[in-house]
Amino acid sequence: MKQLIIRGENVLNVPNFISLYRLLVFPVIFFMALTGREQWYVILLCISLVSDVLDGNIARLFKLQTNFGAALDNLADICTYAMALLGLFVFKWTEIEPHAWILYLFLSVFVLSYIISFVRFGKIPGLHLYSAVSAGYIQSIFFFILFVFGFYTWMYYLAVGWGALAYIEKIFVLLKLDDIKIGVKGLYWLIKKEREQAH
């Protein structure tokens with residue numbers, strides 16, 4: 001495979017192509033949602049959700065992690081999140097509305113994490129904390145079950161609640177870091193590393 005070097009990193013790799021796919025399909029999913037084509041919306045979004053699982057795992061497994069890839073993946077995540085939320089409002093709001101408070105809480109924490117990242121570092125927070133990655137998996141499963149089998153209240157609260165906790169942790173990590181780095185696992189590991197370096 002050819003190389004394209006940006007800031008000392010080869011950005012031409014499989015995980016980055018997968019993230020790029022999610023960005024390119026974003027307007028198509030948006031169109032399907034706005035025009036009420038629920039079946040195509042669900043198919044395309046589920047492909048994006050699966051690809052979100054794949055790109056990060058491939059990058060870690062084959063040691064293809066780059067700062068560029070982390071930022072690209074994060075941007076693709078924002079687009080995928082936005083489309084999933086749009087689908088909830090367009091197709092499933094009747095089921096969601098009685099429990100909307102926790103969704104609004106999650107969205108507030110989610111947006112706040114990006115504001116803090118831009119204020120502190122001037123860039124997208126390309127962090128892949130264990131809590132956020134696991135929240136993404138749970139939310140993907142919830143979304144699939146919601147559209148294929150129906151609404152389960154306990155699963156909704158698990159998916160959205162865990163997401164809120166994950167982004168609260170991300171905020172604390174962003175406040176502790178000097179710069180955004182690849183490979184930060186979570187707040188516990190960050191504090192542990194700081195204590196080890198102090199001794």
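For the structure, check the block above.
Just so you know, these numbers come straight off a predicted model, no measurement behind them.

Engineer: Outline the overall build of the protein chain, listing residues and values.
Structural biologist: Counting its secondary structure elements, the protein chain contains 8 helices and 2 strands. When the elements of the protein chain are put in sequence order from the N terminus, they spell out β-β-α-α-α-α-α-α-α-α. Oriented by its inertia axes, the alpha-carbon framework of the protein chain measures out at about 55 × 40 × 30 Å. Counting only residues that meet the buried cut, the protein chain has 47% of its 199 residues in that class. Put simply, of all contacts in the protein chain between residues at least 6 apart along the chain, 73% involve residues at least 24 apart.

Engineer: Would you mind going over the nonpolar core in detail, with residue names and values included?
Structural biologist: Of all hydrophobic cores here, the largest spans 49 residues; its most connected members are Tyr41, Leu45, Leu103, Leu127 and Phe143. Looking at this core, the elements that each hand over two or more residues are helix H1 (14-34), helix H2 (38-61), helix H3 (67-91), helix H4 (93-96), helix H5 (100-121), helix H6 (130-148) and helix H7 (153-176). Sequence-distant contacts of Leu103, defined by excluding residues within four places in its chain, comprise Leu85, Leu88, Phe89, Trp93, Ile96, Tyr156 and Val160.

Engineer: Tell me about H1, and name the residues and values.
Structural biologist: For H1, built from 21 residues, the straight-helix expectation of 30 Å at 1.5 Å per residue is met to within 8% by its first-to-last C-alpha distance of 31 Å. Taken together, the buried positions of H1 are occupied by Pro15, Asn16, Ile18, Ser19, Arg22, Leu23, Val25, Ile29, Met32 and Ala33. Against the buried residues of H1 lie H2 and H3. Capping the start of H1, Asn13 holds a side-chain oxygen 3.0 Å from the backbone nitrogen of Asn16, two or three residues further along. Directly beyond the C-terminal end of H1, a positive phi value near 75 degrees is found at Gly36.

Engineer: Tell me what's going on with the environment of Ala198, and back it up with residues and numbers.
Structural biologist: Here Ala198 shows up in helix H8 (residues 187-198). A relative accessible area of 66% means that Ala198 is categorised as exposed. A C-alpha to C-alpha distance of 20 Å links Ala198 and Leu174, two positions 24 residues apart in sequence.

Engineer: Let's hear about the environment of Ile96: which residues, and what values?
Structural biologist: Here Ile96 lies in helix H4. A relative accessible area of 0% means that Ile96 is categorised as buried. Along the primary structure Ile96 and Gly186 are separated by 90 residues, whereas in three dimensions their C-alpha atoms are 30 Å apart. Not counting residues within four places of it along the chain, the set of residues in contact with Ile96 comprises Leu88, Leu103, Phe142, Phe151 and Tyr156.

Engineer: Quick rundown of the state of the cysteines? Include the residues and the values.
Structural biologist: Under the counting rule described, the total for this entry stands at 0 disulfides. Cys79 provides the cysteine sulfur closest to Cys46, a residue in no disulfide bond, and the two sulfurs are 17 Å apart. Cys46 sits in the buried class, given a relative accessible area of 15%.

Engineer: Help me get a handle on the packing of aromatic side chains, residues and values and all.
Structural biologist: Per the counting criterion, the structure on display carries 21 aromatic pairs. An aromatic cluster is present here, built from Tyr81, Phe106, Phe110, Tyr114 and Tyr167 joined pairwise through their rings. Lying over the aromatic face of Phe147, Lys92 brings its terminal NZ or CZ to 5.2 Å of the ring centre.

Engineer: Would you mind going over the side chain of Arg22 in detail, with residue names and values included?
Structural biologist: Within the secondary structure layout, Arg22 lies in helix H1. In this structure Arg22 comes out as buried when scored by relative accessible area, which is 1%. Among the polar contacts listed, one links the side chain of Arg22 to the side chain of Asp52, at a separation of 3.3 Å. Separated by 2.8 Å, the side chains of Arg22 and Asp73 make a polar contact.

What counts, and where the lines are drawn
Residues numbered from 1 in each chain as written. Predicted model: local features only at pLDDT ≥ 70, side-chain atom pairs only at ≥ 80, totals over all residues. Heavy atoms only, no water. Helix = DSSP H or I, 4+ residues; strand = E, 2+ residues; numbered from the N terminus. Buried < 20%, exposed > 50% of the residue type's maximum accessible area, 1.4 Å probe, protein only. Contact = heavy atoms within 4.5 Å. Core = buried A, V, L, I, M, F, W, Y, C linked by side-chain atoms within 4.5 Å. Expected span 1.5 Å × (residues − 1). Polar contact = N/O pair within 3.5 Å; in protein donor to acceptor, adjacent residues only side chain to side chain. Disulfide = S-S within 2.5 Å. Phe/Tyr/Trp six-rings, centres within 6.5 Å; stacked < 30°, edge-to-face > 60°. Lys NZ or Arg CZ within 6 Å of the ring centre and 35° of its normal.

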